[in-house]
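Next come the chains, spelled out residue by residue.
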Number of protein chains: 2
Amino acid sequence: MTKLRTAPRIRTKKPVPVDKADLPLRQILDGDCIAAMRSLPDASIDLVFADPPYNLQLGGDLNRPDGSHVDAVTDEWDRFDSFGSYDAFTRAWLAECQRVLKPDGALWVIGSYHNIYRVGAILQDLGFWILNDIVWRKTNPMPNFRGTRFTNAHETLIWASQGEKSRYHFNYRAMKTLNDEIQMRSDWTFPICSGGERLKDDAGHKAHPTQKPEALLYRVLLATTEKGDIVLDPFFGTGTTGAIAKRLGREWIGCEREADYRKVATARIEKELPLDESALTTMQSRKTQPRVAFGAVVEAGLLKPGMEIFDKKRRWKATVRADGSVECGALSGSIHQVGKTLQDAPSCNGWTFWHYESGGEVKPIDAARGLYLLASED
Amino acid sequence: MTKLRTAPRIRTKKPVPVDKADLPLRQILDGDCIAAMRSLPDASIDLVFADPPYNLQLGGDLNRPDGSHVDAVTDEWDRFDSFGSYDAFTRAWLAECQRVLKPDGALWVIGSYHNIYRVGAILQDLGFWILNDIVWRKTNPMPNFRGTRFTNAHETLIWASQGEKSRYHFNYRAMKTLNDEIQMRSDWTFPICSGGERLKDDAGHKAHPTQKPEALLYRVLLATTEKGDIVLDPFFGTGTTGAIAKRLGREWIGCEREADYRKVATARIEKELPLDESALTTMQSRKTQPRVAFGAVVEAGLLKPGMEIFDKKRRWKATVRADGSVECGALSGSIHQVGKTLQDAPSCNGWTFWHYESGGEVKPIDAARGLYLLASED
DNA sequence: GTTAAAACTGAATCAACAC
DNA sequence: TGTGTTGATTCAGTTTTAA
């Protein structure tokens, strides 16, 4: 492995700010991502999220014990001649990301053991500085049908800044709020993308073999971007990054060489609705720190940011925000704090105080917590 | 318990078996691990467990919010001045492991995001074949005191064989038993090593900065070695690998250049008691049990020639013939072949597919195989 | 229409032996 | 070294079909 440290860690002069009007915002660039990124100016992107080919190197067919056939990832885009050619490809697209990222921008890459060690070593060689590696634990991974290894139940994400001295962005407080006032850890638990969220083509087949769950992108973007930031996804696929960026009020640019994927992604993002301004305001200061497990319920989509919650007698109503805090007029904070202040009570259990409407019924938000617990039991 | 495996495909000639008496079993070799491993013969080791320096590159001291000092890893042995020198070191010790490992041997390495990407890429470059990466989730990680990143709550282990075609050893059944009859996943949850397990020096300070929990080694050795196997740990430290190897009835060899660590490890392993023979017996998979021909079960009279067998739903029926073949209309052949053809399936396990009636009960013919095995035990 | 059972599915480097 | 035979092996879901 050769050392190719290029980018300087410390900038000597302030960069010329890029005019957003000069960027292809909310567009999917056609073609190879390396060529497509060349059309972007230097230092114009706040965050890159990349889900590159994993170079799986699969052998023959695989059947389940019941005899059914496993639909493997055998697409042409995942075939490489050797580690050498995979490395060259990886170095090329990562170097281009490095160029288009702002000095204080950051990069996320997701992969599996097949490719992530190559990606991690190369991005270190290029001068990226790893901030964390994150483990996505799958609640429902595919088993190892032959009983030959441990169930491959996770994928790995690397979060890296432009360099050791880079002033990357991290919404520490929003993450802590989302995680019931405990620091967000480096292991995240989500189900794989399936059910209604999984996009299908006209024939009912999955539109893309490796579509990522929205909850994963939701947490990534909420943690490491601000409203209005520009997010680039060089391997756009069906556009999960674009959809969540739009939902969270971030700008996005995609690169995708397959016309079918571009078509699906365009339609998907078109349908996506941005959240309300108030729902997007995340907790910024320690003074207003909420005390909630509520954030995880919001993240899981059981309660939507922007939706209205109210007490049983509808004396007060509040709005749910993206990080699990709630807002009621000038008041904001956790479900418990806001309920307590409104009632001028010594304490308040927000779970039973607040209600929401679902299918014509009024339920305490505790019902949504129940659903969440059911869905996320270990 | 003898191993039933034969010579691997990658081997062109049968290697001369190494006499265990020629190996420094139950010894800690003094000095640099690369030099120490050079004294070991080729193809003599069943498993390597390596916990190499992490190349942490910590800048300056770290204090907790209350001002107390964090005793970080700042030892001289963990200092490398560049990725290049760390890579060269890594390549050297991994290559030596490759040489001393048997063709069907395997390697474990543990690391964090600081070093694991370099280790993973280099071991792939050397020809090791990654079988799984395993995430050790810490129940009690050190928090991120500055609130600048996600809590670094895990470490990563890579499990790799000598090559793609290598017949590595995996105690699938034992792992499934250990995990309440569900396949063991690639994410393992353990507390960090603390309390009584954490070794202290005479002054009461921790004897080693990165002592690993015994539960981690217990699972590694139980999963990928057999009783009597030889385990090498090139970075022995306080000897967790040796202690657990002794406990589980495995042989061990360590390398350690710090005299203080050797001393602590020696005393520790001395105190360790091996488990009883009976406690060491693990669940065996079908694969490792002797193979039984259907004809032998017929021959033994457990199933009679001429009797009828059928699938569970009685969609098909067949007749048992004296030579252990079965007949279904114009079709005839082995229990597996006929079942496969009838179902038009990619394969069929005749033992579980076919059933018979005995004493008013319907049982799979596998039950008759079980009786045969019982009857033929000494 | 309601409920239970069966079928289907997911980034997977997924067998070993005899001839 | 290749080819054919034996036979070992699955978890958490969602969707479809049957009762």
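On a predicted model such as this, the values are computed, not experimentally measured, just so you know.

Colleague: What is the right way to look at helix α10 (residues 335-343) of chain B in this model?
Modeller: All names here are of chain B. Every buried residue of α10 is listed here: Ile335, Val338, Gly339 and Leu342. For α10, the arc enclosing every buried residue in end-on projection is 100°, short of the 170-degree limit, so these residues lie on one face. Lining the buried residues of α10 we find α9 (294-299), β11 (326-328), β12 (331-333), α11 (350-353), β13 (354-358) and α12 (365-376). Among the residues trailing α10, aspartate 344 stands out with phi positive, at a value near 55°.

Colleague: Teacher, can you tell me more about the environment of proline 274 of chain B here?
Modeller: Residues and elements named next belong to chain B. The topology assignment puts proline 274 in the loop between α7 (259-271) and α8 (277-280). Here proline 274 falls in the partly exposed class, since its relative accessible area comes to 48%. Proline 274 sits 31 residues away from alanine 243 along the chain, and the two C-alpha atoms are 9.1 Å apart. In contact with proline 274, other than residues within four places in its own chain, are Lys246 and Arg247.

Colleague: So what exactly am I meant to see when it comes to the protein's contact with DNA strand C here?
Modeller: Around DNA strand C sit 42 residues in total, of which Gln57, Arg64, Tyr113 and Arg146 of chain A together with Arg167 of chain B are the nearest. Of all DNA strand C atoms lying within 4 Å of any protein atom, the proportion belonging to sugar or phosphate reaches 46%. Contacts to DNA strand C include asparagine 144 of chain A, whose side-chain N or O atom sits 3.3 Å from a base oxygen. The contact in question runs from a phosphate oxygen of DNA strand C to an N or O atom on the side chain of lysine 206 of chain A, over 2.9 Å. Looking at the surface near DNA strand C, its residues break down into 20 nonpolar, 9 polar and 13 charged.

Colleague: Which parts of the structure should I look at to understand the protein's contact with DNA strand D?
Modeller: Around DNA strand D, the surrounding shell holds 29 residues, and the nearest of these are Tyr172, Lys176, Gln183, His336 and Arg369 of chain B. Counting only atoms of DNA strand D within 4 Å of the protein, the sugar-phosphate share comes to 59%. Proline 141 of chain A has a polar backbone atom sitting 3.5 Å from a base oxygen of DNA strand D.

Colleague: It is not clear to me how the UniProt feature "domain: DNA methylase N-4/N-6" (unreviewed entry) in chain A should be interpreted in this structure. Could you clarify?
Modeller: In the numbering used here, UniProt assigns the feature "domain: DNA methylase N-4/N-6" (unreviewed entry) to residues 45-265 of chain A. Across residues 45-265 of chain A one finds 28% helix and 22% strand; the C-alpha atoms that close the span lie 21 Å apart.

What counts and how
Residues numbered from 1 in each chain as written. Chains lettered and ligands numbered in written order. Predicted model: local features only at pLDDT ≥ 70, side-chain atom pairs only at ≥ 80, totals over all residues. Heavy atoms only, no water. Buried < 20%, exposed > 50% of the residue type's maximum accessible area, 1.4 Å probe, protein only. Helix = DSSP H or I, 4+ residues; strand = E, 2+ residues; numbered from the N terminus. Arc of directions from axis to C-beta. Contact = heavy atoms within 4.5 Å. Near = heavy atom within 4 Å. Polar contact = N/O pair within 3.5 Å; in protein donor to acceptor, adjacent residues only side chain to side chain. Nonpolar A, V, L, I, M, F, W, Y, C, P; charged D, E, K, R; others polar. UniProt positions renumbered as here; feature names shortened; annotations may be inferred.

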